[in-house]
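Now for the letters of each chain:
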Amino acid sequence: MRNLFFAAALFFTQQVLAKADLSVSLTGATHVQSSSIDSYSVRVSNLGSVVVKNATLTLALPQGVQLSQISVVGTGGLTTACASQSIGLVCSMGRVYLGVNNSFDIRFKLKFPDQSATIHLVAVGSHSAADRQAANNSSSLAVTVTAPVVVVVPPPPPPVTVVYAINIAPGDSFHFKMCGNASAPMNFSQCFPENTIEGDLIFLANGATDAGDPSFLLTYTQPNSSELRFTEYDTTNNNAVMSESVGVAVSANCFEGVTTFRPPYSLDGTANGYGAFRACK
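Given the structure is predicted, the values throughout are model-derived calculations rather than measurements.

## Things to note about the nonpolar core
Turning to step 1, where the next piece is worked out: Met93, Ile106 and Phe108 are the most contacted members of the largest nonpolar core, which has 30 residues in total.
Turning to step 2, where the next piece is worked out: Broken down by secondary-structure element, the contributors of at least two residues to this core are strand S1 (22-28), strand S3 (37-46), strand S4 (52-60), strand S7 (88-96), strand S8 (104-111), strand S9 (117-126) and strand S10 (138-146).
Turning to step 3, where the next piece is worked out: Setting aside anything within four residues of it in sequence, one finds phenylalanine 108 in contact with Leu26, Asp38, Ser39, Tyr40, Ser41, Val42, Leu59, Leu67, Ser68, Gln69, Ile70 and Leu89.
Turning to step 4, where the next piece is worked out: Ranked by size, the runner-up nonpolar core spans 16 residues in total, among them Leu201, Leu218, Phe261 and Ala279.

The structure is reproduced here in structure tokens:
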């Protein structure tokens, strides 16, 4: 009778202790960059004394986190089938056999949102029988997503345009150079010395000038202190217009501009010709 009592007690103790112990462990990066794709893994084990049956695993994913490349690694997971569903990762594991040798990994990749956030990942395992230790049926990670600091570089300031002013008064003397008679507009830096005429020019009242040569008739106007215009006439041909020049102040002492030669005084005598001039104090 006594032996029967001990046998019954031993059987009862074995039945109480004979429980499954589904263990779930989630691992992976806890600090990631926004929009990055990172690898994660859930280790599934049965640390109990009986086989786990009808086991499932779920990993709910918050909005903005994308799941991909799911795989199961380890012989203990041969009956496991995982899929991406609306809530996240869902795995039907079936049976999970005893011991660490039957452990297996559920691996996957997550793409994180494109802004800073803290993402809480929780993997939860469940099965159809009582579990010895429910605390290890789930595992969680807090993932800090950091968006790169965007350094806004302001555009460079616009170039400073220096506007020079030269107010011409009667009696002012300038050194005058004119060059070229080309078929296309040019600037003074393109002048060749052999094609340049020069001399001193005195500005007179009423828009007249004195170049020291009565046959050289050149008048001027100054619409504003930064602009100077010349008109050249042919004194031998009823003061016909030979050329017109328009220039601007390029320094505190000089004007430069384009000269347009009118036919028949242009290069080919039928179309406008072009040159350049400089007048400096």
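## Overview of the sheet that holds S8
Turning to step 1, where the next piece is worked out: Strand order in the open sheet formed by 4 strands is S1-S3-S8-S5, and the pairing between neighbours is antiparallel. Where the open sheet ends on each side, the last strands, each with one partner, are S1 and strand S5 (66-73). The sheet shows a mean angle of 20° between the axes of neighbouring strands, taken without regard to direction.
Turning to step 2, where the next piece is worked out: With 7 bridges connecting them, S1 and S3 associate as antiparallel partners. In the sheet register, threonine 27 faces S3, and the bridge partner there is serine 41.

## As for the side chain of aspartate 38
Turning to step 1, where the next piece is worked out: Along the chain, the position of aspartate 38 falls in strand S3.
Turning to step 2, where the next piece is worked out: Salt bridges are absent for the buried aspartate 38, whose nearest opposite-charge side chain, lysine 109, sits at 8.2 Å.
Turning to step 3, where the next piece is worked out: Among the polar contacts listed, one links the side chain of aspartate 38 to the side chain of serine 36, at a separation of 2.7 Å.
Turning to step 4, where the next piece is worked out: In this view, aspartate 38 contacts Val32, Phe108, Lys109, Leu110 and Phe112; residues no more than four positions away in its chain are not counted.

## Some thoughts on the state of the cysteines
Turning to step 1, where the next piece is worked out: Under the criterion given, the structure shown has 3 disulfides.
Turning to step 2, where the next piece is worked out: Across a sulfur-sulfur distance of 1.9 Å, cysteine 254 and cysteine 280 are joined as a disulfide pair. Negative torsions about the S-S bond denote left-handed disulfides, and the value of about 120° found for cysteine 254 with cysteine 280 makes this one right-handed. Highlighted residues: cysteine 254 in strand S17 (residues 254-261) and cysteine 280 in strand S18 (residues 273-280), separated in sequence by 26 residues.
Turning to step 3, where the next piece is worked out: Look at the protein and number its bonded cysteines as they come in the sequence; the links are 1-2, 3-4, 5-6.

## With respect to the layout of surface pockets
Turning to step 1, where the next piece is worked out: Estimated volume of the largest pocket: approximately 160 Å³.
Turning to step 2, where the next piece is worked out: As for the largest pocket, its lining consists of Phe176, Ile197, Glu198, Gly199, Asp200, Leu201, Ala211, Asp213 and Phe216.
Turning to step 3, where the next piece is worked out: Looking at the lining of the largest pocket, the element that brings in the most residues is strand S12 (residues 196-203), giving 5 residues.
Turning to step 4, where the next piece is worked out: Taken together, the residues that form the lining of the largest pocket break down as 5 nonpolar, 1 polar and 3 charged.

## Some points on the sheet that holds strand S16 (residues 240-249)
Turning to step 1, where the next piece is worked out: Within the open sheet, the 8 strands sit side by side as S13-S12-S11-S18-S17-S16-S15-S14. Their pairing is antiparallel. Both outer strands of the open sheet, strand S13 (209-210) and strand S14 (216-221), are each paired with one neighbouring strand and no more.

## A look at the pairing of strand S6 (residues 81-85)
Turning to step 1, where the next piece is worked out: Pairing analysis gives 5 bridges linking S6 to S7, with the strands arranged antiparallel. Paired with alanine 81 across the bridge in S7 is serine 92.
Turning to step 2, where the next piece is worked out: Counting the residues in the hairpin turn of S6 and S7 gives 2 residues.

Each value, and the rule that gives it
Residues numbered from 1 in each chain as written. Predicted model: local features only at pLDDT ≥ 70, side-chain atom pairs only at ≥ 80, totals over all residues. Heavy atoms only, no water. Core = buried A, V, L, I, M, F, W, Y, C linked by side-chain atoms within 4.5 Å. Buried < 20%, exposed > 50% of the residue type's maximum accessible area, 1.4 Å probe, protein only. Helix = DSSP H or I, 4+ residues; strand = E, 2+ residues; numbered from the N terminus. Contact = heavy atoms within 4.5 Å. Pairing = 2+ DSSP bridges. Axes fitted to C-alpha atoms, helices over the stretch in contact; angles between N-to-C directions. Lys, Arg positive; Asp, Glu negative; His and termini not counted. Salt bridge = Lys/Arg side-chain N within 4 Å of Asp/Glu carboxyl O. Polar contact = N/O pair within 3.5 Å; in protein donor to acceptor, adjacent residues only side chain to side chain. Disulfide = S-S within 2.5 Å. 1 Å grid on protein atoms, 1.4 Å probe; cavity = no way out; pocket = protein on both sides within 12 Å on 5 of 7 lines; lining within 4 Å. Points joined across faces, edges and corners; volume = space filled by probe spheres on them. Nonpolar A, V, L, I, M, F, W, Y, C, P; charged D, E, K, R; others polar.

In short, shape yes, function no, at least from these values alone.
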